[in-house]
Amino acid sequence: MEKKSFMFGAAVTDYNFIGREEETRRLMANFSEGINTILISPRRIGKTSLVKQVKKQMEKTNKDVLVVYLDMFACKTEYELYNALAAAVLKQTESHAEKWLETTKEFLIRLTPKITFSPEPNADFSLSLGITPKTHTPEEILSLPEKIAQKRGKRIVVCIDEFQQLGELPDSLKVQKRLRSVWQHQQRTSYCLFGCKMHLMNTIFQRRNMPFYQFGDNIFLGKIPTALWVDYIVQHFEDRNRHISREMAQRLTETVENYSSYVQQLAWLLFSRVNEAETATEEQLRLSIADLLNTNEPLFMQQIEPLSAYQLHFLRAIVNDVHTAFGEQKVREEYQLGSPSNITRLKTVMLSKDLVESRGRGMLYLTDPVFGLWLQHRII
Ligand SMILES: Nc1ncnc2c1ncn2[C@@H]1O[C@H](COP(=O)(O)OP(=O)(O)OP(=O)(O)O)[C@@H](O)[C@H]1O
Ligand SMILES: [Mg+2]
């Protein structure tokens with residue numbers, strides 16, 4: 001496949017993947033030793049990319065560990081999760097479809113799985129198991145990876161993406177207790193749970209009275225440092241015989257506050273304006289930033305649509321560099337924030353919508369820097 005200069009909107013690997021050495025090392029160690037891991041970050045910083053990259057690396061370097069990846073995003077009920085979990089574990093621990101059938105028969109008796117062969121070459125087989133409360137108890141499904149690991153004499157790491165979805169299931173707390181109580185006794189199976197929506201992830205993992213409190217090694221995935229981005233951008237321009245100064249690559253990165261997916265998107269927008277053998281100009285950078293705001297505008301419009309006037313005023317205050325003194329009378333009047341108790345409420349709501357994040361000592365910032373730019377230029 002042809003290499004893409006810049007990539008965004010999907011997980012990246014290899015040529016488009018940079019940095020994360022420390023996190024990769026830590027995940028590899030946790031996976032090898034069976035330590036549970038919880039990975040949290042804001043949206044589009046690079047969780048999925050990191051875990052997929054580590055899975056690839058594990059497959060190359062440590063044959064005793066099988067890494068299973070599944071995405072919980074589409075699971076809206078407890079049993080949808082069990083079906084997704086069982087299918088992912090069966091498919092990713094054996095390489096042949098015949099083996100899946102054997103293993104299914106051995107461990108999930110009472111099922112006739114349907115394997116669909118997609119007409120497209122190289123596409124995945126889909127495996128639908130039809131697990132329901134009538135066919136299996138939750139415990140039977142949850143113990144599947146452990147049984148396979150025992151039989152194969154290996155360790156299994158189950159990585160569950162968009163795990164915040166667990167907090168949205170009907171009867172969520174009951175399900176959380178169930179998972180935790182089975183998982184904590186498994187010897188050969190460990191878990192890597194990750195997702196965005198900081199607010200929901202924190203509810204699941206950071207509350208003392210919740211089942212997943214202190215479940216494992218908590219990793220907060222931060223931003224990739226500017227110097228790495230600059231090398232990456234300059235090099236990827238050069239690879240296609242185009243040029244950009246290091247100084248401009250740095251400014252590009254800082255414009256979107258090192259937010260992974262936006263750095264790649266903005267670099268792409270700029271790259272696409274530069275002709276072969278030429279060097280990116282100031283005017284081209286300016287136009288690309290406008291492009292970035294335009295392409296994201298429908299999304300941002302959707303985000304502000306349901307907001308009340310107070311909530312918009314609150315965002316306006318933050319965009320104007322108010323991060324902590326919301327309660328001061330001068331600030332409350334200037335930005336029309338209402339009474340002090342109104343401000344407490346505003347903070348809670350905006351945090352739970354993940355539009356703002358706390359960066360220590362009660363300092364609030366917009367979660368998405370480009371949303372901030374857009375508000376500044378187009379709305380406020
Ligand atoms: N290590 C990396 N090197 C280069 N670019 C990256 C890296 N990680 C992420 N990106 C960029 O960020 C984008 C989003 O990455 P990814 O989907 O892995 O993030 P995520 O945190 O899982 O997002 P979401 O919260 O939407 O699930 C990628 O498409 C890519 O443009
Ligand atoms: Mg992801």
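What counts and how
Residues numbered from 1 in each chain as written. Chains lettered and ligands numbered in written order. Predicted model: local features only at pLDDT ≥ 70, side-chain atom pairs only at ≥ 80, totals over all residues. Heavy atoms only, no water. Helix = DSSP H or I, 4+ residues; strand = E, 2+ residues; numbered from the N terminus. Rg over C-alpha atoms; globule rule 2.2 N^0.38 Å. Buried < 20%, exposed > 50% of the residue type's maximum accessible area, 1.4 Å probe, protein only. Contact = heavy atoms within 4.5 Å. Lys, Arg positive; Asp, Glu negative; His and termini not counted. Charge placed at Lys NZ, Arg CZ, Asp CG, Glu CD. Domains from an automatic or database assignment. Expected span 1.5 Å × (residues − 1). Near = heavy atom within 4 Å. Polar contact = N/O pair within 3.5 Å; in protein donor to acceptor, adjacent residues only side chain to side chain. Areas by Shrake-Rupley, 256 points an atom, 1.4 Å probe, with all protein chains shown as cover. Nonpolar A, V, L, I, M, F, W, Y, C, P; charged D, E, K, R; others polar. Phe/Tyr/Trp six-rings, centres within 6.5 Å; stacked < 30°, edge-to-face > 60°. Pairing = 2+ DSSP bridges.

> Any chance you could break down the overall build of the chain for me, citing the residues and the numbers?
Scanning the chain for helices and strands turns up 16 helices and nine strands. Computed over C-alpha atoms, the radius of gyration of the chain comes to 23 Å, within 12% of the 21 Å expected from 2.2 N^0.38 for 380 residues, which places it in the range of a compact globule. Across its three principal directions, the C-alpha atoms of the chain cover 65 × 60 × 35 Å. In the chain, which comprises 380 residues, the share counted as buried stands at 50%. Across the chain, the fraction of contacts at a sequence separation of at least 24, relative to all contacts at a separation of at least 6, is 72%. One way to put it: in the chain the 49 positive side-chain charges average out to a point 5 Å from where the 45 negative ones average out.

> So what's going on with unusual backbone geometry? Residues and values would help.
At Arg44, a position not held by glycine, the phi torsion is positive, near 55°. For Arg44, the location among the structural elements is in the loop between strand 1 (37-40) and helix 2 (47-61).

> Mind laying out the domain arrangement of the chain, listing which residues take part and the relevant values?
Partitioning the chain into domains gives domain 1 (20-220), domain 2 (226-298) and domain 3 (306-379). Taking only C-alpha atoms, the centre of domain 1 and the centre of domain 2 are 36 Å apart.

> How would you explain helix 7 (residues 172-183) if you had to name every residue and give the values?
Its 12 residues place the ends of helix 7 16 Å apart at the C-alpha level, agreeing with the 16 Å of an ideal helix rising 1.5 Å per residue. Looking only at helix 7, the buried set comprises Ser172, Val175, Gln176, Leu179, Arg180, Val182 and Trp183. Those residues of helix 7 that are buried are in contact with helix 3 (78-93), helix 5 (138-142), strand 5 (155-161), strand 6 (189-195) and helix 8 (198-205).

> Could you give an account of the site of ligand 1, with specific residues and numbers?
The full set close to ligand 1 counts 23 residues, and Met7, Ala10, Lys47, Thr48 and Ser49 are the nearest of them. Within the backbone of Ile45, an N or O atom sits 3.2 Å from an oxygen atom of ligand 1. At 2.5 Å from an oxygen atom of ligand 1 is found a side-chain nitrogen or oxygen belonging to Ser49. For ligand 1, the accessible surface in isolation is 630 Å², of which the surrounding protein chains cover 95%. Of the residues belonging to the shell around ligand 1, the class tally is 10 nonpolar, eight polar and five charged.

> Could you give an account of the side chain of Gln265, with specific residues and numbers?
With respect to the element layout, Gln265 can be found in helix 11 (residues 260-271). Using a relative accessible area of 11% as the deciding quantity, one classes Gln265 as buried.

> Explain the packing of aromatic side chains residue by residue, including any values.
For the coordinates displayed, the defined rule picks out 20 aromatic pairs. Seen from their ring centres, Phe6 and Tyr232 are 5.7 Å apart, and the 75° between their planes marks the pair as edge-to-face. Of the two residues, Phe6 is situated in the segment before helix 1 (21-33) and Tyr232 in helix 9 (residues 226-239); the sequence distance between them amounts to 226 residues. Exposure class is identical for Phe6 and Tyr232. Each is buried. Seen from their ring centres, Phe6 and Phe271 are 5.9 Å apart, and the 70° between their planes marks the pair as edge-to-face. Of the two residues, Phe6 sits in the segment before helix 1 while Phe271 sits in helix 11, which places them 265 residues apart along the sequence.

> Before we move on, can you summarise the pairing of strand 2 (residues 65-71) with the specific residues and values?
With six of its seven residues buried, strand 2 lies for the most part within the structure. Inspection of the sheet shows strand 2 paired to strand 5 by seven bridges, in the parallel sense. Paired with Tyr69 across the strands is Cys159, a residue of strand 5.

> Run through the side chain of Ser172, naming residues and quoting values.
Relative to the elements of secondary structure, Ser172 occurs in helix 7. Setting aside residues no more than four positions away along its own chain, Ser172 makes contact with Leu166 and Gly167.

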